[in-house]
Amino acid sequence: IFNGIDYRTFSFTFKFTPRSRKESDVVNNLLHAIKDAMLPTRVGTKSIAAYQVPHEFVIRFMKGTKINPYLDQIGLCACTGVDIDYGSDKFSTHAAGDPVSIDATLTFRELELMERTRYNELRASARNEEGEVPL
């Protein structure tokens, strides 16, 4: 029995192994920018809190400078989780204290219910230069 559709979620895991302090700073800034973007902003200073919604994300799988037509596309998303594991099984740092290895899992949830028409619109947006869409 069909009970309806739900918002799809996606998780992506990245392994960073910065080799210098400069690379560690880039990774650190990237992860903190994503964490910042996933959080709401409090509006006003009154006792009753009001919040602005967090940033929205557009995720596209690319092949060079074009959308990869062989991978399903994702609708507009919100980041719902940033899980960071410093060092995995063996924690160690460089001399400055920055981790040698960082595993980050980013979780996103679509903000639109994916139904057949929208799915096919996203699929069509991934057409290659010849206007072909894989079957």
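All figures in this text were calculated on a predicted structure; none of them were measured in a lab.

1. Things to note about the pattern of salt bridges
- With the rule as written, the count across this model stands at 6 salt bridges.
- In this structure, the salt-bridge partner of Glu-23 is Arg-19, at a minimum N-O distance of 3.2 Å.
- Residue Arg-118 is joined to Glu-112 by a salt bridge in which the shortest nitrogen-to-oxygen separation is 2.8 Å.
- On the accessibility criterion, Arg-118 (23% relative accessible area) is partly exposed.
- Connected through shared salt-bridge partners, Glu-112, Arg-118 and Glu-121 make up one network.

2. Digging into the nonpolar core
- Judged by nonpolar contacts, Phe-12, Ile-34, Ala-37, Met-38, Phe-57, Ile-59, Ile-74, Cys-77, Cys-79, Val-82, Leu-106 and Phe-108 together constitute the single largest core of 12 residues.
- Of all elements in the fold, only helix H1 (21-38), strand S6 (77-86) and strand S7 (102-110) reach the threshold of two or more residues within this core.
- Ile-34 has contacts with Cys-79, Val-82 and Leu-106, leaving out every residue within four places of it along the chain.
- Listed in part, the 5 residues of the second largest apolar core include Phe-16, Leu-31, Ile-102 and Ala-104.

3. Section: the environment of Arg-19
- Position of Arg-19 among the secondary structure elements: in the loop between strand S1 (9-16) and H1.
- As for Arg-19 and Ala-124, which are separated by 105 residues in sequence, their C-alpha atoms are 40 Å apart.

4. Considering the environment of Leu-31
- Structurally, the position occupied by Leu-31 is in helix H1.
- For Leu-31, a relative accessible area of 4% puts it in the buried group.
- Taking the C-alpha atoms as reference points, Leu-31 and Pro-54, 23 residues apart in sequence, are found 16 Å from one another.
- Discounting residues that sit within four places of it in the chain, Leu-31 has contacts with Phe-16, Ile-84, Ile-102 and Ala-104.

5. What to know about H1
- Between its first and last C-alpha, H1 extends 26 Å over 18 residues, near the 26 Å set by a 1.5 Å rise per residue.
- All buried positions along H1 are accounted for by Ser-24, Val-27, Leu-31, Ile-34, Ala-37 and Met-38.
- Check the buried side of H1 and you find it contacts S1, S6 and S7.

6. A closer look at the environment of Pro-40
- Relative to the assigned elements, Pro-40 resides in the loop between H1 and strand S2 (41-43).
- The class of Pro-40 is partly exposed, set by a relative accessible area of 43%.
- With 11 residues separating them along the chain, Pro-40 and Asn-29 place their C-alpha atoms 19 Å apart.

7. Comments concerning the sheet that holds S6
- On the basis of which strands lie adjacent, the open sheet formed by 3 strands has the order S1-S7-S6 and antiparallel pairing. With one partner strand each, in any of the chains shown, S1 and S6 form the two edges of the open sheet. Within the sheet, the average angular offset between the axes of one strand and its neighbour, ignoring direction, is 15°.
- With 8 bridges connecting them, S1 and S7 associate as antiparallel partners. Bridge pairing links Phe-12 to Leu-106 in S7.

Reading guide: rules and limits
Residues numbered from 1 in each chain as written. Predicted model: local features only at pLDDT ≥ 70, side-chain atom pairs only at ≥ 80, totals over all residues. Heavy atoms only, no water. Salt bridge = Lys/Arg side-chain N within 4 Å of Asp/Glu carboxyl O. Buried < 20%, exposed > 50% of the residue type's maximum accessible area, 1.4 Å probe, protein only. Core = buried A, V, L, I, M, F, W, Y, C linked by side-chain atoms within 4.5 Å. Helix = DSSP H or I, 4+ residues; strand = E, 2+ residues; numbered from the N terminus. Contact = heavy atoms within 4.5 Å. Expected span 1.5 Å × (residues − 1). Pairing = 2+ DSSP bridges. Axes fitted to C-alpha atoms, helices over the stretch in contact; angles between N-to-C directions.

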